[in-house]
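Fold and geometry: a report
Listed below are the residues making up each chain.
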Amino acid sequence: MAEKVFDIAIVGGGPAGLSAALTGRIRNKTVAIFEPYGFSAKVQQAHLIDNYPGLPGISGKEMIERMAAHCLEHEPVVIKEKVVNIFPGDPFTLLTPGDTYEAKTIILTTGVATTALLTGEKEYIGRGVAYCATCDGRMYTGKDVAVVSYTAAEEHEVKFLGEICRNVFYLPQYKGDFSHLGDKVRIIGGKPRAVLGAEQVTALATDKEELKVDGIFIMRQSDPLENLLPDLVLENNAIRVNRDLSTNIPGVFAAGDCTGRPWQVAKAVGEGLTAVLSAVAYVDALKK
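Here's a quick rundown of the structure. If you're wondering where the values come from, they're calculated on a predicted model, not measured in any experiment.

**Quick word on the pattern of salt bridges**
What the rule picks out here adds up to nine salt bridges. Between aspartate 7 and lysine 104 there is a salt bridge, and its shortest N-O distance comes to 3.2 Å. Separated by 97 residues along the polypeptide, aspartate 7 in strand β1 (residues 5-11) and lysine 104 in strand β6 (residues 100-108) bring together distant segments of the chain. According to the relative accessible area criterion, lysine 104 is partly exposed, its value standing at 29%. Its salt-bridge partner being aspartate 207, residue arginine 193 comes within 3.9 Å of it at the nearest N-O pair.

Printed below as a string of structure tokens:
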């Protein structure tokens with residue numbers, strides 16, 4: 001477990017997260033920003049952004065590089081791990097595949113999932129659907145599992161499952177060389193369609209076949225918000241926030257694409273600023 005309790009933990013390193021981290025450090029708070037995939041791959045893919053004031057005709061990659069460099073000059077703690085669970089308390093506890101962290105406040109800047117949930121996925125969370133092999137893999141020792149992954153960054157998780165499970169059916173939704181994953185990992189072509197089961201998961205349906213499994217691990221850059229923080233209130237698949245960017249959970253704020261449309265950099269940066277100022281006020285009130 002990490003030794004220190006951060007004033008502010010920011011989950012996500014896009015424009016909203018970088019904006020929040022920058023102002024949080026300027027306001028002299030200890031700030032941890034969790035970003036395992038590199039700062040905003042989504043924005044970096046933009047060929048041209050021409051509606052951000054003061055930076056006309058800039059590429060997404062250059063914009064994020066400038067934002068990240070400015071933010072990192074103020075030395076927030078960058079933790080290159082994915083947050084898989086947050087537990088409310090005094091302080092909050094953040095669980096990653098590799099460690100546990102604590103913070104007085106949370107700012108969610110997770111963006112939006114670029115892939116839709118599978119049919120039945122939400123219904124079977126905790127009943128055979130999981131998102132972290134390090135956290136939940138041991139429950140499937142000696143059993144059969146399927147893994148759907150949209151990112152190569154999680155291949156170490158697949159390899160781990162191959163070491164403890166009887167069979168691993170791997171459905172990578174990207175191109176790559178998978179020979180290093182081990183003999184128990186069987187590469188399956190096709191697209192995942194639906195999670196099947198009764199009380200527990202029994203199978204994963206694809207566009208080609210039905211795989212009989214005891215569990216299904218789904219690995220995206222952004223997991224369902226209700227899995228990250230179960231009591232969080234959503235509205236139209238976005239986090240419901242007040243004008244100060246507070247959520248229904250005291251001490252938890254949200255900013256950027258995860259709060260809903262418009263999905264624009266300028267909106268994300270402004271919300272990141274508002275959210276962190278609200279978080280700073282919350283931390284200061286705790287001291288009193």
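**Looking at the packing of helix α1 (residues 15-26) against helix α3 (residues 60-72)**
Direction vectors running N to C along α1 and α3 enclose 20°, while the axes themselves pass 9 Å from each other. Of the possible angle classes, the one that applies to α1 and α3 is roughly parallel. Considering the relative orientation of α1 and α3, their crossing is left-handed. Across the interface between the two elements, Pro15, Leu18, Ala21 and Leu22 of α1 pack against Ile64, Met67, Ala68, His70 and Cys71 of α3. A per-class count over the contact of α1 with α3 returns eight nonpolar, one polar and no charged.

**Notes on the nonpolar core**
Residues Ile8, Ile10, Met67, Ile107 and Val265 are the most contacted members of the largest nonpolar core, which totals 30 residues. When sequence neighbours within four positions are dropped, the list of residues in contact with valine 265 reads Pro15, Val43, Ile49, Tyr52, Met63 and Met67. The next biggest cluster of nonpolar side chains, apart from the first, holds 23 residues, and it includes Val11, Val83, Leu94 and Leu229.

**Looking at α3**
Its 13 residues give α3 an end-to-end C-alpha distance of 18 Å, which sits within 8% of 18 Å, the value for a rise of 1.5 Å per residue. Every buried residue of α3 is accounted for by Gly60, Met63, Ile64, Met67, Ala68 and Cys71. In a view along the axis of α3, the buried residues occupy a sector of 125°, so they form one face of it. Those residues of α3 hidden inside the fold are in contact with α1, α2 (41-44) and α7 (265-287).

**Some thoughts on the sheet that holds strand β10 (residues 185-187)**
Strand order in the open sheet made by the five strands is β7-β14-β8-β9-β10, with parallel pairing throughout. The open sheet terminates on both sides in strands that have one partner only, identified here as β7 (129-130) and β10. Helix α5 (residues 155-164) rests against β8 (144-149), β9 (167-172), β10 and β14 (215-219) of the sheet, and its axis sits at about 160° to β9.

Each value, and the rule that gives it
Residues numbered from 1 in each chain as written. Predicted model: local features only at pLDDT ≥ 70, side-chain atom pairs only at ≥ 80, totals over all residues. Heavy atoms only, no water. Salt bridge = Lys/Arg side-chain N within 4 Å of Asp/Glu carboxyl O. Helix = DSSP H or I, 4+ residues; strand = E, 2+ residues; numbered from the N terminus. Buried < 20%, exposed > 50% of the residue type's maximum accessible area, 1.4 Å probe, protein only. Axes fitted to C-alpha atoms, helices over the stretch in contact; angles between N-to-C directions. Parallel < 35°, antiparallel > 145°, perpendicular 65-115°, else oblique. Left-handed = near helix turned anticlockwise from the far one by under 90°. Contact = heavy atoms within 4.5 Å. Nonpolar A, V, L, I, M, F, W, Y, C, P; charged D, E, K, R; others polar. Core = buried A, V, L, I, M, F, W, Y, C linked by side-chain atoms within 4.5 Å. Expected span 1.5 Å × (residues − 1). Arc of directions from axis to C-beta. Pairing = 2+ DSSP bridges.

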